[in-house]
Each structure stands twice: as C-alpha cells, then as structure tokens.
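One-letter residues, chain by chain:
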Amino acid sequence: MSFDTSSWLAQARALIGPAHVLSADNGDDLTPYTRDWRGKFQGPALAVLRPGSTAEVQALVRLAARTGVALVPQGGNTGLCGASVPMAGGLQAVLQLGRLKRIREIDPENNTATVEAGCILQTLQEQAGAVGRLFPLSLGAEGSCQIGGNIATNAGGVQVLRYGNMRELVLGLEVVLPDGEILDLLRGLRKDNTGYDLKQLFIGAEGTLGIITAATVKLFSAPSAEVVAFAGVASIAQAVRLLGAMRGHLGDRFTAFELISGPAVALVRRYFPETPALLSGDWPWYVLMEAADGGSDETLREAVQAALMACLEDECLEDVTLAGNLAQGQTLWSLRENITHAQQMDGSNIKHDVSLPISRIPAFVEQMLPRLQQAFPGARPIVYGHLGDGNLHFNLSAPEGVEAGTWQAQTEAVNQVLHDVVVAMRGSISAEHGIGQLKRHEMAMYKTPAELALMRRIKQALDPQGLMNPGKVL
Ligand code: FAD
Ligand code: MLT
Ligand code: ZN
C-alpha cells in the first residue's frame, strides 16, 4: 500500500496544530532543519514537527509508530556529526523540540533545575544565575544549543575539568519512549540505588532510544570570583606538567584548562583581526586557564598569581598573562571560542574529537604531527581542545590551494591514520561530539564485537521498529 503523505500531514496537524507542522507542499522551507550548520549533511523529510508539550510529543511518537514514520529529534542543530538531520531514504520527519522550552522549576535549596528539552543552554545559565546558582555546562554554541541536545550528545565543553560532562550533571529525565509511553524519571536525587540507572541509557544516545522532553539537572553555587590566565608553553609535555602543577596549587578552584596551538591562534587572528596580541613572544602552544571560587577577586587573583609564579620557577610554563578584569577575561575566551568559526571560514577541514589518558597525550601528538605531515603533505594541523579532560580537537585544514572536494575525499584516509593510533593507545574516537552519521562506520572498526552486540540488543529492545533517528550511531 502506498503511503498517503497528505493524510499523514493532516493527522499531524490535527495533533499539534497546523502552524506547527512545516512541509514542502505547504511552501515551507525545510532546509534549516534538514541540513546541518556546516552544510555537510542533508536529507529529506516529510515534515518538520514542532510540538509544544510532552503530551504532543507523545501523540506524534504514537502516530509515527502506527504509520512507520521515523523521527529525527532535533535541538539547536549545532551538532558536529550529522546526528540531528535526516539521512537519505525512508519515511522520516524532523521532531524539532524548540517550543518545549519552559523552565519548570528552579530549586535553590536542592541545587537543581527542572527544565524542558528545548530550553536554550544560555537561558538556563542565565536563569540559574538570577538566583545565585551556576549551571556549569559551557560551550561555544551555548546561545543556540538546547538542553535536550546537550543531554542526547552528552556534551562536554570548557568546564568539564571541574564539573564533569552532561552525564554527571543530569539527575533525572523525562523521556517519550519509541512506543509512546512516557518514562518519568524526573527525580532530583543525588543518591538513588533502586536498580539500573535508566536515565544513563538516553544520555549520549543521540536520540536513537527515545525523545527527551525534560530533565532535572544539578546546579552549583555561583562563583563570586573568576580569574583567567593565558600562558605560552614550549611543548605539550610542558602543558601537561603545568596542568598537574596548577591543579596541585588550586585544587577545586581550577575550572578550565584549554590547549591552543600556535597555528590555531594565528588562524583566529587572520579571521578575527581585532584579537589582540596576548604575550610578547610567540610560542608553539598556548594554554587558557580559569579559576573560580566563592571568595573575593583579589584573594583568588593572589592565589593564581602565586601558583603561576611557582610554575614559572619550576619551568612548567614560559610566559603568562592574567586578565585584569572580566572584559579581558572575555577577550581571552573569545579567542578560544572563535577557533571553530575561524576554521569554518578558512575552508575545508577534517575535524577530530579524540580523547586519551592525559599522560599519553604528549607522546600521541609528537608522533601524530610528523606522521600526518608525511602522509598528507601540506595539510595544516589546527590542534586545540580540552587538555584538562584529555580531549583534543586534532583538526586538519586542507593544504593551501587544495580544493574542498579533493580534501574531503581524504577524510577516511586521514581518520584512519589518526584513529588507529588513538585506539591503539586506548583512547576514544569521539570524546564529546558523538557518532551521528559521521563516524557510524568507524564504530565497527573500533568498538569490540561484544560492545556492539550489547548496544544492538538495547536498541532492539527499546526501538524494535527502528524509528528513532535511524542510521545514527549504530
Ligand atoms: P542537535 O545538534 O540538534 O542534536 C544533537 C543530537 O541530539 C542529535 O542526535 C539529535 O537527534 C539529538 N537530540 C536533540 N534533542 C533531542 C531530544 N530532545 N531528545 C532526544 N534526542 C535529541 N560540543 C561539545 O560537546 N563541546 C563543545 O565544546 C562544543 N563546542 C561547540 C562550539 C560550536 C561553535 C559549535 C557550533 C558546536 C559545538 N559543540 C560542542 C557541538 C554541539 O553544540 C553539541 O553537541 C550540543 O550538545 C548539541 O546540542 P543541540 O541542541 O544543537 O543538538
Ligand atoms: C570546541 O571545543 O571548540 C568544540 O568542541 C567545537 C569544535 O571542535 O569545533
Ligand atoms: Zn570541544
């Protein structure tokens, strides 16, 4: 029997209102929802569905299950591995969660917020800040990514060193399962040993096991003092020594430790010429550090200064500058956050998101740089990332003059050179961005058969029709 698209769209419109079902036959442009922001992935969709409540999500999931239409959950569509847009083939609709954006409750005594999936990350940060609390997840896309997307990708960002990634920040979830049942796990408990921790199944599952509609997340006391420093180091090994030393000096006050290579700084300067020179000399590597606590700026500043002086004496860094105020700290952070945009403006690049035990990172980088130069002459490594978490974005920009298509055709070869070594050193090929469609085939190369078989059994048990974000992860 052929599929009756008009009848299906009419049913969807009856469930959530005509204004919230976008379709091509209605003259709507679906491209912003069917293509990822980098323009690397695009697929067809019957419609873009924009439910406004958990009940509406449930109704749509039931319609999809009854009619065999796959659903592609989508938050801010800021992801980096093509997980939030449809793949070619099959009947599918994008389930856009942006209207489900209420903050249901902030409980300052319990240090929790209960928030709907479509809430923009920055909105939650601001609302928590308004009652003296901190929601610590922080990343370059925070003005447009959504909490549901952050949970589905187990997002990391620049404060993981102190607060952990999204998995550590979620206490409870509300999920619409593939058969339409609502799983209410919205508990704000820090201790709960009643069997399997079911919420963890959906965190990092990239929408393949169900639709997250709300979450209860941890809040922390908002710091009253913050100090940002920028250091030049001669090698990655020195940066790793600096990390250990600063942690030793500052303990829990140490919140961020980001590595930026010299070429990454130069790239940002090229596309964001307002970026000031930060140190008097040039160094092969730089480190952006942040410390925060509940005391005064002055006291924290003195502690950071003393720690940095000790590090200079111990030859853990070559040169350093401290931001004098919030604005200067922001300038330093802008340099870090603009790397993604500068690399995008610069043209074609092959992105990586690897993690390794921190102690192995110097050896990894030392062997990787010459190996890649030899295999791909002229390729320009743009290396940066969350060194404090053992997570590097080891990206390779196209050699000057090489056309985008030609360079992208090298993706598999580049990935293999890099990922073979990462996995041999017991690292991961995706630290924080996820698998999506980009790295799905690499799962078979780098996960063990036992891991893959167990993942497939979980997928089959929850989503036997295969309608939740098909073609992603597995
Ligand atoms: P989307 O991209 O819309 O979706 C991502 C995945 O989540 C998809 O699989 C989608 O199907 C699924 N999904 C979305 N909502 C739901 C839901 N409600 N229920 C079930 N599944 C759902 N990531 C990091 O981890 N660390 C960084 O430092 C970082 N920095 C970035 C900087 C920039 C400038 C940009 C553009 C991106 C960055 N990212 C980073 C990647 C991206 O922002 C994160 O992966 C983010 O968590 C995705 O959120 P989103 O709402 O945009 O999700
Ligand atoms: C980052 O750390 O800046 C992000 O993960 C984004 C990226 O790698 O482009
Ligand atoms: Zn990152």
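Structure first, text after, so check above.
Residues numbered from 1 in each chain as written. Chains lettered and ligands numbered in written order. Predicted model: local features only at pLDDT ≥ 70, side-chain atom pairs only at ≥ 80, totals over all residues. Heavy atoms only, no water.

Draft legend 1. Expanded view of the sheet that holds strand β9 (residues 182–185). Spatial strand order, β5-β6-β10-β8-β9: five strands in an open sheet with antiparallel pairing. Where the open sheet ends on each side, the last strands, each with one partner, are β5 (103–107) and β9. This sheet shows a mean twist of 10° between the axes of neighbouring strands, independent of strand direction. Relative to strand β6 (residues 112–116), β5 runs antiparallel, the two being bridged by four bridges. By the bridge assignment, Asp-107 is partnered in β6 with Thr-112. Contacts from helix α4 (residues 121–130) reach β5, β6 and β10 (211–218) within the one sheet, and its direction differs from that of β5 by about 35°. (Pairing = 2+ DSSP bridges. Helix = DSSP H or I, 4+ residues; strand = E, 2+ residues; numbered from the N terminus. Axes fitted to C-alpha atoms, helices over the stretch in contact; angles between N-to-C directions. Contact = heavy atoms within 4.5 Å.)

Draft legend 2. A look at the pairing of strand β4 (residues 92–96). Buried residues dominate β4, accounting for five of its five residues. Residues of β4 alternate between two faces, with Gln-92, Val-94 and Gln-96 on one and Ala-93 and Leu-95 on the opposite face, all of them buried. Two strands pair when backbone bridges link them, and strand β2 (residues 48–49) and β4 are joined in this way by two bridges, in the parallel orientation. From the neighbouring strand, Val-48 faces β4, where its bridge partner is Val-94. One ladder, built from five bridges, connects strand β3 (residues 70–74) with β4; its direction is parallel. Of the residues in β4, the one forming a bridge with Leu-71 is Ala-93. (Buried < 20%, exposed > 50% of the residue type's maximum accessible area, 1.4 Å probe, protein only.)

Draft legend 3. Geometry of the site of ligand 1. Close to ligand 1 lie 37 residues, the nearest being Pro-73, Gly-75, Gly-76, Asn-77 and Thr-78. Between an oxygen atom of ligand 1 and a main-chain N or O atom of Gly-75, the distance comes to 2.8 Å. Contact distances for ligand 1 include 2.9 Å between an oxygen atom and a backbone N or O atom of Gly-156. Protein burial of ligand 1: of its 980 Å² of free accessible surface, 97% is covered by the chains. At the level of elements, β3, α5 (147–152), β10 and α12 (326–346) are the ones that each hand at least two residues to the shell around ligand 1. For the shell around ligand 1, the element with the most residues is α5, which contributes four residues. (Near = heavy atom within 4 Å. Polar contact = N/O pair within 3.5 Å; in protein donor to acceptor, adjacent residues only side chain to side chain. Areas by Shrake-Rupley, 256 points an atom, 1.4 Å probe, with all protein chains shown as cover.)

Draft legend 4. A look at the coordination of the zinc ion (ligand 3). At the metal site, the zinc ion (ligand 3) is ligated by His-386 (NE2), His-393 (NE2) and Glu-432 (OE), and these contacts range over 1.9 to 2.1 Å. In the primary sequence, the donor residues of the zinc ion (ligand 3) line up as H-x6-H-x38-E. (Donors = N, O, S within 2.8 Å, 3.2 Å for Na, K, Ca; no water.)

Draft legend 5. Broad picture of the environment of Arg-360. Turning to its location among the elements, Arg-360 is positioned in the loop between β17 (354–355) and α13 (361–375). The exposure class of Arg-360 is partly exposed, given its relative accessible area of 36%. Those residues in contact with Arg-360 that sit more than four places away from it in its chain are Met-425 and Arg-426. Within polar-contact distance, the side chain of Arg-360 engages the backbone oxygen of Met-425 at 2.9 Å.

Draft legend 6. Spatial organisation of the site of ligand 2. Taken together, Leu-80, Arg-336, Thr-340, Lys-351, Tyr-384, His-386, His-393, Glu-432 and His-433 form the complete shell of residues around ligand 2. Separating an oxygen atom of ligand 2 from a side-chain N or O atom of Thr-340 is a distance of 2.9 Å. In this structure, Tyr-384 approaches ligand 2 through a side-chain N or O atom, which is 3.0 Å from an oxygen atom. Coverage of ligand 2 by the protein chains reaches 87% of its 260 Å² of free accessible surface. Every element with two or more residues in the shell around ligand 2 is listed here: α12 and β18 (380–386). In terms of residue class, the shell around ligand 2 is made up of two nonpolar, four polar and three charged. (Nonpolar A, V, L, I, M, F, W, Y, C, P; charged D, E, K, R; others polar.)

Draft legend 7. Structural view of the sheet that holds β2. What the four strands build is an open sheet, ordered β1-β2-β4-β3; its pairing is mixed. In this open sheet, the two edge strands, each paired with only one partner strand, are β1 (21–22) and β3. Contacts from helix α3 (residues 54–67) reach β2, β3 and β4, with the element oriented near 150° to β3.

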